[in-house]
Each structure stands twice: as C-alpha cells, then as structure tokens.
Amino acid sequence: MKKTYIVTGCAGFIGSHISEALIADRNNSVIGIDNFNDYYSPKIKESNIQKLLTSTQFKLHKIDLKNTEKVEALIKRIKPDFIIHCAGMAGVRNSIQNPLTYTQNNILATQNILEAIRISQLDTKIVLLSSSSVYGIQEKTPFVENMVANPSSPYGVSKFAMELLAKEYSNHYDMKIAIVRPFSIYGPRGRVDMAPFLIIKAAIQGKPFYQFGTNENKRDWTYIDDFVDGVTGLTKKWSFKTFEVFNLGNNTPVGIEDFISISKKLIGEKLNLDLTVLHKERGSEELPITFANIDKSHNLIGYTPKIKLEDGLNEFYTYFKKYRGVYDLS
Ligand SMILES: NC(=O)c1ccc[n+]([C@@H]2O[C@H](COP(=O)([O-])OP(=O)(O)OC[C@H]3O[C@@H](n4cnc5c(N)ncnc54)[C@H](O)[C@@H]3O)[C@@H](O)[C@H]2O)c1
C-alpha cells in the first residue's frame, strides 16, 4: 500500500537517514521539511540530502516549522499517513548559552505540527524525536520509560515539555503519537558538535580534545542504522491506539576514556592522525550516565540494536575520509 510520510529535519543527521530508509520502499513517498538553520554549516546539510534529491519519491520543502500558517497549509494539502518529526535544536551545552531558541524550535514548532493535524482532523500517526536528556540524573539505571523525568538543561526541559504537550493533544483529540527517546546517535553524517567529529576536528587542527569527567562518565552510544530500524519498525508495527514512549538506545553505556581510546586507535589507523587529550570537570548540565532499558521497544516494535561501537565508529571515520571536503577543517 502506498504511504506518504512527512519527515521534518530531513537535511539533518537523523532525518536524512530516516528519509533514505523510507524511500528504499517503492511504495513510500517522503515530503521533507527543513529550514537549513545555521546551528552547524548548511553546506553539510546540502551534502546530507544530495542522494535524496535524486529520487522522484522525495520532495523538499524549505520551511521553518515556527511558521504556523505554512505548516498548517502544507499538512492540510499533503494529508500524510505519518509524520516523523526529527527537526529541532539539539545540543545540551549550547542550550545553556541560547535557551530561547530551544523553546521556540522544540516546543512551539512541534505545537504547530500538532495544531495542523488537529485543525485538519487527520488520522496521521506522529513520531516525535525527544531525547535521553529528559531523564536527567536518576538514582537507578538503566532508564525505563515510566521513570519520572528530571531534565537538567534547557534542551532536556524543552524536549520534556514537547512530550507533555503531545500527551495532552493525544488525550484530548485521540491523536496517535509515539515519542522516541534517542540515546547518543552516531555514524556517517554524525553531528559536528558530538564527540566522534570533535575528536577528528581536534586531531586535524592539532588542538587538544577535552575529556569531560572520568571514565565513570558514560554514554549509551547507538548506531544510526539501529536507530533508523527502530523508527521504521515502529511505523510498521504500530499497534497502540494513542500515546506511547520508547527508548531507542544501545543498552551498553561506554566510559569516556574507553570511547576516546577506541577513536584514537581508529583515527590513527585510518586517517594517520594523533590526538592530545586534556581533562575538564563535567558541567552540571551534562548527565553522568545515559543508559537505556530497551525491553519495551524490543517487545512492542522488535527493536534489536546490532552494531558494536568499534564497527560503528569505523563506518563513521570511513565516511569522514570520503566527505572531508564538506567540512571546513583547514
Ligand atoms: N543525534 C543524537 O544523538 C540525538 C540524541 C537525542 C535526541 N536527538 C534529537 O533528534 C533530532 C534530530 O537530531 P540530529 O542529530 O539529526 O540533529 P540535526 O541538527 O542534524 O538535525 C535537525 C534538523 O532540523 C532542522 N530544523 C531545526 N529547527 C527547524 C525548524 N524550526 N524548522 C525546520 N527545520 C528545522 C535543522 O536545520 C536540521 O537540519 C533532534 O530533535 C534532536 O534533538 C538527537
């Protein structure tokens, strides 16, 4: 059966991968939305969507989701079967410096989508990308979906506010909404404000890479293909009626020192680069650990992450070697 998807943030890291996975099925068409904001270079985003733009199953709309009228008009016209909402402002540290933009792009922009569906009275299934940051500091790990959220940054708060808003729309208007909470997604096209890229950048520029905290500082690194399988699995196995929350993580947190030593070995072998590491205190906005319990995602949507960190980082550094010209790293 033919299906129409709207994928927001289609020129970003995750949105571009999700869009590609969807159009691999000839029955799917994808309407991509992105405003190519300058959180990082729009040149990288142009590169991310090169392959998508060659497909007749894909159409790009350069729209800012903060524009209520444009969002409503497009959704009314397209009447999508699914919306996968990947657009948003990411970055915990940046949210301390620029909190307002997180409220505007993560809460208000999402509400424009929910409002457009409500006003148009569509039966669209909506997947909203939240974040592991909503958990904040917890007494217990791994993080389970029904734990009380305790976000510790404007970014985490904006994502949790988005979740609450979505739950309220779902309750009142019977809207079908799934929240997914990604845990440190990495891989080809990975964001330039995240550790795998920052490590190469430091090595190329001959500058130190700062390690925040000790090896007790852990992240549940999740490979992009595993994450995308989780989201597409969710759209295929959608059996719930209204509102559900799913962790999409790897269930295997890795300490920062271990992460650096794997990366150091790979960039040495593949790119002939050396890395200097300096230490800094972990900021209060940064979580000491992220660790996903993935039982619910496994049982309800068949989510089973497969890629080991060494293999996934190897893919990322191979990609970087090929696309190095896209990044201004002289
Ligand atoms: N990458 C991760 O590890 C990770 C972890 C947790 C949550 N997330 C969430 O997943 C989503 C995608 O993350 P990503 O890593 O692909 O980030 P990204 O920055 O690469 O992609 C986001 C895209 O959304 C677009 N965008 C932002 N605001 C917009 C607006 N108002 N209108 C239209 N387009 C807009 C940006 O231009 C960008 O291309 C984000 O919501 C992020 O918060 C990501």
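Look above for the structure.
Residues numbered from 1 in each chain as written. Predicted model: local features only at pLDDT ≥ 70, side-chain atom pairs only at ≥ 80, totals over all residues.

A. Up close: the packing of helix α4 (residues 68-78) against helix α6 (residues 99-120). Between α4 and α6, the shortest axis-to-axis distance is 9 Å and the interhelical angle comes to 50°. As summarised for this structure, α4 and α6 are arranged oblique, according to the angle between their axes. The handedness of the crossing between α4 and α6 is right-handed. Across the interface between the two elements, Thr68, Val71, Glu72, Ile75 and Lys76 from α4 touch Asn112, Ile113, Glu115, Ala116, Ile117, Ile119 and Ser120 from α6. Counted by class, the contact of α4 with α6 contains six nonpolar, three polar and three charged residues. (Axes fitted to C-alpha atoms, helices over the stretch in contact; angles between N-to-C directions. Helix = DSSP H or I, 4+ residues; strand = E, 2+ residues; numbered from the N terminus. Parallel < 35°, antiparallel > 145°, perpendicular 65-115°, else oblique. Left-handed = near helix turned anticlockwise from the far one by under 90°. Contact = placed C-beta atoms within 7 Å. Nonpolar A, V, L, I, M, F, W, Y, C, P; charged D, E, K, R; others polar.)

B. Just the site of the ligand, in detail. Gly9, Gly12, Phe13, Ile14 and Gly88 are the nearest of the 29 residues found near the ligand. Elements with a contribution of two residues or more to the shell around the ligand: α1 (13-23) and α6. Considered class by class, the residues forming the shell around the ligand number 15 nonpolar, nine polar and five charged. (Near = placed C-beta within 6 Å.)

C. Representation of the environment of Lys76. Examined against the element boundaries, Lys76 turns out to sit in helix α4. For Lys76, a count of 14 C-beta atoms within 10 Å corresponds to the partly exposed category. Considered as a pair, Lys76 and Ser153 are 77 residues apart in the sequence and their alpha carbons are 35 Å apart. Excluding its chain neighbours within four sequence positions, the residues that come into contact with Lys76 are Ala116 and Ser120. (Buried ≥ 20, exposed ≤ 12 C-beta atoms within 10 Å, placed from the backbone.)

D. Local environment of helix α9 (residues 224-236). Under the 1.5 Å per step criterion, the end-to-end length of α9 is 18 Å for 13 residues, consistent within 8% with the ideal 18 Å. Among the residues of α9, those classed as buried are Ile224, Phe227, Val228, Gly230, Val231 and Leu234. Taken around the axis of α9, the buried residues stretch over an arc of 155°, which confines them to a single face. (Expected span 1.5 Å × (residues − 1). Arc of directions from axis to C-beta.)

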